[in-house]
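Architecture at a glance
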Amino acid sequence: MMDDRLGGNLFMFRKLLGFLDKVLTFFEEWTLFITVMVALGSLFVNVVLRYGFNHSLAWSEELVREVIIYTTFIGCSAAVKNRSIIKIDASVQLLPKLKTALNLFSNFTILIFGALMIYYGWLMAALQVRTHQKTIILQIPLVYLYAVLPLMGAMMIIRVVQVVVQDIDQIRSEKNRR
């Protein structure tokens, strides 16, 4: 009886992770695409105006800077999903038996980082709400830029849980083959 409930809960958990994967992938891909295209367009117009007409748009450079910040943080979640986070793998090559333990340690470290980003990102965003700070030229409230920090932390945590579940499934399938 207990195994049936546990199996059902695991099935629902995996189904939830699959749904979250689809939602996060859609969000990551489209927001990254749109923001980069907007930045590229404004940068292109700025270059044409600067070299063709000897006039520059100050807001274009600020927009590109903000887009770089945004895409870096949202890209962290995509990097976890694709297992593209920077790692030092020399120890894995020297001691292949430690691969599983080191992967778990790496994932645990990313979980802690994500939790810290949620906590301190929330504090930073709350500070921006209280101080009403804005970007210099575009006058975008900085709370929008700082709000990406807890969002990124939550997305990274979800992605790490997905990766750990995939790793556990892979370990189980390898044990079943033996």
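Our subject in this report is the structure included herewith. (Residues numbered from 1 in each chain as written. Predicted model: local features only at pLDDT ≥ 70, side-chain atom pairs only at ≥ 80, totals over all residues. Heavy atoms only, no water.)

Some thoughts on empty space enclosed by the protein
As a reminder of what qualifies: For each structure, a 1 Å grid was placed over the protein atoms alone; sets of points admitting a 1.4 Å probe that cannot get out are labelled cavities, open sets with protein on both sides within 12 Å along at least five of seven lines are labelled pockets, and lining residues have an atom within 4 Å of a point. Grid points are joined across faces, edges and corners, and a volume is the space filled by probe spheres set on the points. Residue polarity follows a fixed list, in which Ala, Val, Leu, Ile, Met, Phe, Trp, Tyr, Cys and Pro are nonpolar, Asp, Glu, Lys and Arg are charged, and the others, Gly among them, are polar.
Applying the stated criterion across every chain yields a total of one cavity of 30 Å³ or more. Roughly 50 Å³ of volume is contained in the largest cavity. Considering the residues around the largest cavity, the lining is formed by Val80, Arg83, Ser84, Ile85, Lys87, Asn107, Ile110 and Val163. Of the residues that constitute the lining of the largest cavity, the class distribution is four nonpolar, two polar and two charged.

Observations regarding the pattern of salt bridges
Opposite charge on two side chains permits pairing when their charged atoms draw close. Under the convention used in this document: What counts as a salt bridge is simple: a side-chain nitrogen of Lys or Arg found within 4 Å of a carboxyl oxygen of Asp or Glu. A run of H or I in DSSP becomes a helix once it reaches four residues, and a run of E becomes a strand once it reaches two; helices and strands are each numbered from the N terminus. Burial classification: accessible surface area is computed with a 1.4 Å probe over protein chains only, and a residue below 20% of its type maximum counts as buried, one above 50% as exposed, and the rest as partly exposed.
Within this structure, the stated rule accounts for six salt bridges. The partner of Asp169 in a salt bridge is Arg14, with the nearest N and O atoms 2.8 Å apart. With Asp169 in helix α6 (residues 148-177) and Arg14 in helix α1 (residues 2-53), this pair connects stretches of sequence that are 155 residues apart. Asp169 gets classed as partly exposed once you look at its relative accessible area, which sits at 32%. In this structure, Arg50 engages Glu61 in a salt bridge whose closest nitrogen and oxygen atoms are separated by 2.6 Å. One end of the pair, Arg50, is in helix α1; the other, Glu61, is in helix α2 (residues 58-81), with 11 residues separating them in the sequence.

Overview of α2
This is how it is decided: A helix is expected to span 1.5 Å for every residue after the first. Bend is the name given here to the angle between axes fitted to two runs of seven residues, the run ending at a residue and the run starting at it.
Helix length check: α2, at 24 residues, gives a terminal C-alpha distance of 36 Å against a target of 34 Å (1.5 Å per residue), a fit within 8%. Of all the bends found along α2, the most pronounced is centred on Gly75 and spans about 30°. Burial in α2 covers these residues: Ser60, Glu62, Leu63, Val64, Glu66, Val67, Thr71, Ile74, Ser77, Ala78, Ala79 and Val80. Directly after α2, the chain includes Arg83, whose backbone phi takes a positive value near 60°.

Side note on the environment of Val161
Applied cut-off: Contacts were defined at the residue level, with two residues in contact if any of their heavy atoms lie within 4.5 Å.
In this structure, Val161 sits in helix α6. Look at Val161 and you get partly exposed, because its relative accessible area is 26%. Beyond its immediate stretch of four places on either side in the chain, Val161 contacts Phe13 and Leu17.

Considerations on the side chain of Glu62
Structurally, Glu62 can be placed in helix α2. Once you skip the residues sitting within four places of it in the chain, Glu62 turns out to touch Thr135, Ile136, Ile137, Leu138 and Gln139.

Focus: the packing of aromatic side chains
The description of two aromatic rings rests on the distance between their centres and on the angle between their planes. Condition: Each pair of aromatic rings taken from Phe, Tyr and Trp, with Trp reduced to its six-membered ring, is defined by centres within 6.5 Å and is described as stacked if the planes are under 30 degrees apart, edge-to-face if over 60, and tilted in the remaining cases.
Taken as a whole and judged by the stated rule, the model has three aromatic pairs. Look at Tyr119 and Tyr120: their rings are 4.8 Å apart centre to centre, the planes differ by 80°, and that puts the pair in the edge-to-face class. Feature note: the residues Phe26, Trp30 and Phe33 constitute an aromatic cluster, connected by ring pairs.

What to know about the layout of surface pockets
The volume enclosed by the largest pocket comes to roughly 370 Å³. Taken together, 14 residues line the largest pocket, and the ones lying closest to its centre are Lys99, Thr100, Gln170, Ile171 and Glu174. When residues of the lining of the largest pocket are traced back to their parent elements, those giving at least two are α4 (99-131) and α6. Looking at which element gives the most residues to the lining of the largest pocket, the answer is α6, with six residues. Looking at side-chain class alone, the lining of the largest pocket contains four nonpolar, three polar and seven charged residues. Taken as a whole, the second largest pocket holds about 260 Å³ of empty space. Taken together, 15 residues form the lining of the second largest pocket, with Lys87, Ile88, Leu102, Asn103 and Ser106 sitting closest to its centre. Those elements that place two or more of their residues in the lining of the second largest pocket are α3 (90-94) and α4. Considering every element that reaches the lining of the second largest pocket, the biggest residue donor is α4, with seven residues. The class makeup of the residues in the lining of the second largest pocket is eight nonpolar, four polar and three charged.

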